[in-house]
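Observations on the three-dimensional arrangement
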Number of protein chains: 2
Amino acid sequence: MRVDELQTPALLVERSHLEANLAEMARVRPGDRCRPHVKAHKSTSLARLQRDAGHPGFTVATIREAEGLHAAGLADDVLLANVVLDARRIGALVADGGRVTVAVDSEVAVAAAADGGVREVVIDVCVGLPRTGCRPEDAGRLAALARSRGLAVRGVMGYEGHLFIIEDASQRRPLVREAMQLLASAAADVGGEVVSAGGTATYAEDIPWVTEVQAGSYVLMDTAYQRLGLPFAQALSVLGTVISVSPQGWAVTDFGLKSLGMDHGNPTVPGHPVWFCSDEHTTVGNSLEQGAPLALAVGDRVRGLPAHVDPTVAMHEQLWLVDRDEVLERWPVDLRGW
Amino acid sequence: MRVDELQTPALLVERSHLEANLAEMARVRPGDRCRPHVKAHKSTSLARLQRDAGHPGFTVATIREAEGLHAAGLADDVLLANVVLDARRIGALVADGGRVTVAVDSEVAVAAAADGGVREVVIDVCVGLPRTGCRPEDAGRLAALARSRGLAVRGVMGYEGHLFIIEDASQRRPLVREAMQLLASAAADVGGEVVSAGGTATYAEDIPWVTEVQAGSYVLMDTAYQRLGLPFAQALSVLGTVISVSPQGWAVTDFGLKSLGMDHGNPTVPGHPVWFCSDEHTTVGNSLEQGAPLALAVGDRVRGLPAHVDPTVAMHEQLWLVDRDEVLERWPVDLRGW
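Everything quoted here is computed from the prediction, not taken from an experiment. (Residues numbered from 1 in each chain as written. Chains lettered and ligands numbered in written order. Predicted model: local features only at pLDDT ≥ 70, side-chain atom pairs only at ≥ 80, totals over all residues. Heavy atoms only, no water.)

**Structural notes on the overall build of chain A**
Assigned secondary structure in chain A consists of 9 helices and 15 strands. In terms of overall dimensions, chain A is globule-like: its C-alpha atoms have a radius of gyration of 21 Å, near the 20 Å expected for 338 residues. A principal-axis box enclosing the C-alpha atoms of chain A has dimensions of 70 × 45 × 35 Å. Taken over 338 residues, chain A has a buried fraction of 61%. A separation threshold of at least 6 residues defines the contact pool for chain A, and within that pool the share at least 24 residues apart is 64%. Accessible surface, chain A as shown: approximately 12,200 Å² in total, 49% of it carbon and sulfur. Taken together, the 31 basic and 43 acidic charged side chains of chain A have centroids lying 3 Å from each other. (Helix = DSSP H or I, 4+ residues; strand = E, 2+ residues; numbered from the N terminus. Rg over C-alpha atoms; globule rule 2.2 N^0.38 Å. Buried < 20%, exposed > 50% of the residue type's maximum accessible area, 1.4 Å probe, protein only. Contact = heavy atoms within 4.5 Å. Areas by Shrake-Rupley, 256 points an atom, 1.4 Å probe, with all protein chains shown as cover. Lys, Arg positive; Asp, Glu negative; His and termini not counted. Charge placed at Lys NZ, Arg CZ, Asp CG, Glu CD.)

Written out as structure tokens, the structure reads:
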């Protein structure tokens, strides 16, 4: 099938970019030094490619993502990098032979894990981002509590995502190191072999005690991450059709804010400034000087680049793997929901 | 079932508010004077309540929405208020006995409708919002073209959504009237009995020649529309669980930007300022003076009010109809996708 035959809006994954992204991560963070975060793509087809690239484990954010990986035979070592207060579905998955380690950051979370049938945990440590995670000085106490409840404590995790908005790597690097020092001190108190941190922005940081990076966006990429100057290519785009062109100088595509995550702002349509998005429309203007004719016609196909990959993919039922104008495969987005 | 037993995040619809909203619309715009827009809720269960409230027709934005209404026996008079360049699925639906009228705004769109098996159209007229719609002076010519292709032209539609950001009704009213004058002139050229316009913001405007209003948000409501001072109640909320509380003064719920449309900004959590949303988290702070203890504990349930109802619902598999703490019904969000 040709890309032009796809009904729009449609999510496209450009194979050459995807393969380059997989190769770059496997080169810098081979094997278990990267634990790909499937929340960025919610697709077991793509997760399988990440495993084939050498990464044996996965990170997930929801119970549904863990269940889907298990159903697809990909749950050899899954880290649920999130706190859950009802862990019974994870317990059932573990009883069924899946390996899922759960993040805990409070006494209530430890009790929920133990009560739900979870066997392994990491201590989630706050390293500066005001989100989940205990204080570094409380990590050892929580680990002891978890062990007293019969849980194996594999180590610690911490997410320095508040530093990813700093675009200049030379400014970001010392602050990342400082945040990771907090994680190191917690790891010393907790014990275990896992120190899990970071993401796409910090995949190449050389911090010896961090054993694995939870990178998700790298594989598909978005325009927000692209501002950091990372060597990953924009593999994901939303294909749309121009359904209307105004003689007053704008054109309207059939992708809108129901097919694009908007928390990081508007999508980018190369060559055409985006004016605004509605539910099922994006209005774009002319890239040329004022008054020049609009270089788009009704029926033209355009590709929009999402500002944030994770919520964009979660809005779609499928990803289409393409090689320029040719459609290669359809991948269900099979890890949606909770 | 009790609301506290629902797995979170979960979308709740408060029955008393929903019923009040349905009643208010049926009072001011009874029968076919309102054509409810199902894009706001994407649920045939809720659409059925709107029909039971007296509104015989529906507005949709996608082919999938039209197909779902037809499958549910609700396609007696559906207006696809959007331009489609491949109308074959609509043609199949019409051949199967559904009544779907399609918006057209160009020669290409007219040809697509005729070629796809569509039988009835309205001329989509631009009344100021830079989106779809022909110029008012081109509407008559397009109607003649449509009729020459064997299409019945039922009238015109135009959406004055660019005026809905004006919060003061006394300032908004004359501009809405001006936009509707454009639609009236197009209607005179086009003929037919339908003049379809507006939305929740203008449901109560008394413009004699507008025969029907395409109101969607009124039935569930969001915080953006609430700023307009409309007499509709916030029936929709996202139920979350507090999964983490920091001694430094913030708490984290398990609803985030994958369960909330973010194009109109952050959700509102009554009593707790929202700091930011991540994929599966919302961090909230203390509503009390600086330094006072945070009035939230791990395990507490909180309700977030979405800033934009349409994309929020589209992210969920179901709506839960509730009466305060009691769960009454589960409604599948069965009109998602394209």
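From this point, things continue past the structure.
**A short note on the packing of aromatic side chains**
Residue and element names in this part refer to chain A. Tallied over the full model, the rule gives 8 aromatic pairs over all chains. For the ring pair Tyr 203 and Phe 232, a centre distance of 4.8 Å and an interplane angle of 55° mean the geometry is tilted. Pair noted here: Tyr 203 is in the loop between strand S7 (194-197) and strand S8 (212-213) and Phe 232 is in the loop between helix H8 (223-226) and strand S9 (236-246), with a separation of 29 residues, a long-range link. Following the ring pairs from residue to residue traces out a cluster consisting of Tyr 203, Tyr 218 and Phe 232. (Phe/Tyr/Trp six-rings, centres within 6.5 Å; stacked < 30°, edge-to-face > 60°.)

**Some remarks on the pattern of salt bridges**
Opposite charge on two side chains allows them to pair when their charged atoms are near. Counted according to the given criterion, the structure contains 44 salt bridges over all chains. With its nearest N and O atoms 2.8 Å apart, the salt bridge here joins Glu 67 of chain A to Arg 89 of chain A. In this pair, Glu 67 of chain A is assigned in helix H3 (residues 63-71) and Arg 89 of chain A in helix H4 (residues 88-95), connecting sequence segments 22 residues apart. The exposure class assigned to Arg 89 of chain A is partly exposed, which follows from its relative accessible area of 25%. Of the charged contacts in the structure, one is a salt bridge between Asp 86 of chain B and Arg 88 of chain B, with a shortest N-O distance of 2.7 Å. (Salt bridge = Lys/Arg side-chain N within 4 Å of Asp/Glu carboxyl O.)

**Some words on the interface of chain B and chain A**
Taken together, the contact between chain B and chain A spans 53 residues of the former and 53 residues of the latter. Buried area between chain B and chain A, both sides added, is near 4,200 Å², and the carbon and sulfur share of it is 62%. For chain B, the biggest contributors to the area lost against chain A are Arg 131, Lys 258 and Trp 338 of chain B; these three give 18% of the whole. On the surface where chain B and chain A come into contact, there are 4 salt bridges. (Buried area = accessible area lost by both parts, 1.4 Å probe.)

**A short note on the relation of the copies chain B and chain A**
Once chain B has been moved 0.0 Å along the axis and rotated by 180°, it coincides with chain A to within an RMSD of 0.0 Å. The operation mapping one copy onto its partner corresponds to a two-fold rotation axis. A share of 100% of the interface residues of chain B reappears at the interface of chain A, consistent with the copies meeting face to face through the same patch. (Least-squares fit on C-alpha atoms with pLDDT ≥ 70 in both.)

**As for the packing of helix H6 (residues 139-148) of chain A against helix H7 (residues 169-190) of chain A**
All names here are of chain A. Two numbers describe how H6 lies on H7: the axes approach to 8 Å, and their chain directions differ by 35°. Considering how the two elements wind past one another, H6 and H7 form a crossing that is right-handed. Seen from H6, the contacting residues are Ala 139, Gly 140, Ala 143 and Arg 147; seen from H7, they are Ala 186, Asp 189 and Val 190. When grouped by side-chain class, the residues that make up the contact of H6 with H7 number 4 nonpolar, 1 polar and 2 charged. (Axes fitted to C-alpha atoms, helices over the stretch in contact; angles between N-to-C directions. Left-handed = near helix turned anticlockwise from the far one by under 90°. Nonpolar A, V, L, I, M, F, W, Y, C, P; charged D, E, K, R; others polar.)

**A closer look at the sheet that holds strand S3 (residues 78-80) of chain B**
Residue and element names in this part refer to chain B. Taken in spatial order, the 7 strands of this open sheet run S2-S3-S4-S5-S6-S7-S8, and their pairing is parallel. Each edge of the sheet is formed by a strand with only one pairing partner; in this case those strands are strand S2 (58-60) and strand S8 (212-213). Across 3 bridges, S3 lies against strand S4 (residues 100-104) in parallel orientation. Across the sheet, residue Leu 79 finds its bridge partner in S4, namely Thr 101. (Pairing = 2+ DSSP bridges.)

**Observations concerning helix H5 (residues 107-116) of chain B**
All names here are of chain B. For H5, the full list of buried residues reads Ala 109, Val 110, Ala 112, Ala 113 and Gly 116. Within H5, the buried residues cover an arc of 160° as seen down the axis, which keeps them to one side. Against helix H4 (88-95), S4, strand S5 (120-124) and helix H6 (139-148) lie the buried residues of H5. Of the residues trailing H5, Gly 117 is marked for its positive phi of about 95°. (Arc of directions from axis to C-beta.)

**Observations concerning the side chain of Ser 106 of chain A**
Counting through the fold element by element, Ser 106 of chain A comes out in the loop between strand S4 (100-104) and helix H5 (107-116). Judged by relative accessible area, which is 13%, Ser 106 of chain A ranks as buried. If near-sequence neighbours (up to four positions away) are discounted, Ser 106 of chain A is found in contact with Leu 142 of chain A together with Val 298 of chain B.

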